[in-house]
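Letter by letter, the chains look like this.
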Amino acid sequence: MVTLNRSMGLDVGSRTVGVAISDPMGWTAQGLETIQIDEEKGELGLDRLLELVDVYQVTTLVIGLPKNMDNSIGQRAEASMAYGEAVKQRLPHCQIIYQDERLTTSQAERMLIEEGNVSRKKRKQVIDKLAAVMILQNYLDTPH
């Protein structure tokens, strides 16, 4: 039996977490879903995340780290790292990797706007998932 080593990409926001998954060979990233969360209330959607990790046999979680343009760690990057720590508590067998994600959300939005036929409402529904795809694909494309 072949053991898969799939990676999952996460774009963590204060209200949603975009989720992407690698193909079984680890070459490409595909968008999976957007998990609704409430960061202020501590509702992090971890039960759903654990289900996805189990279903897809994920061994590596790649969490976007939205550094400031000067490479410093700001409030959103700290929130992403706190999310990673919460995930690590529940999934100690998974490797957690932080991937610099500066500008991925704006790149994702620009892609959707250039597509031309994606309404503002629809963009809001898919932007986090697309950002997660970009985070994961950047990780997959980097030698490690």
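In short, a report on the structure.

Rules used throughout
Residues numbered from 1 in each chain as written. Predicted model: local features only at pLDDT ≥ 70, side-chain atom pairs only at ≥ 80, totals over all residues. Heavy atoms only, no water. Pairing = 2+ DSSP bridges. Helix = DSSP H or I, 4+ residues; strand = E, 2+ residues; numbered from the N terminus. Buried < 20%, exposed > 50% of the residue type's maximum accessible area, 1.4 Å probe, protein only. Salt bridge = Lys/Arg side-chain N within 4 Å of Asp/Glu carboxyl O.

**Looking at the pairing of strand 3 (residues 29–36)**
Relative to strand 3, strand 2 (residues 16–22) is paired through seven bridges, and the arrangement is antiparallel. Looking at the pairing, Val17 lines up with Ile35 of strand 3. Hairpin geometry of strand 2 and strand 3 is characterised by an intervening segment of six residues between the two adjacent antiparallel strands and by a positive phi of about 75° at Gly26.

**Observations concerning the pairing of strand 2**
The two faces of a sheet get side chains in turn, since along a regular strand they alternate between them. Among the seven residues that make up strand 2, seven are buried, leaving the element largely enclosed by the rest of the structure. Of the two faces of strand 2, the one carrying Thr16, Gly18, Ala20 and Ser22 and the one carrying Val17, Val19 and Ile21 are both buried. In this structure, strand 1 (residues 6–12) lies alongside strand 2, joined through five bridges in antiparallel fashion. Looking across to strand 2, one finds that Leu10 is bridged to Val19. The turn linking strand 1 back onto strand 2 is made up of three residues.

**Remarks on the pattern of salt bridges**
Taken as a whole, this structure holds four salt bridges when the rule is applied. Among the salt bridges present, the one from Asp47 reaches Arg90, with a minimum N-O distance of 2.7 Å. In this pair, Asp47 is assigned in helix 1 (residues 46–55) and Arg90 in helix 2 (residues 75–90), connecting sequence segments 43 residues apart. A residue is classified by how much of its surface remains accessible, and Asp47, at 51% relative accessible area, is exposed. Two residues, Arg48 and Glu51, come together in a salt bridge whose shortest N-O distance is 2.7 Å. Residue Arg48 and its partner Glu51 are both found in helix 1; the two are separated by three residues, about one turn of the helix. Note on Arg48: relative accessible area 33%, which makes it partly exposed. Taken together, the salt bridges that share partners define one network made up of Glu33, Arg48 and Glu51.

Purely geometric numbers; function is a separate question.
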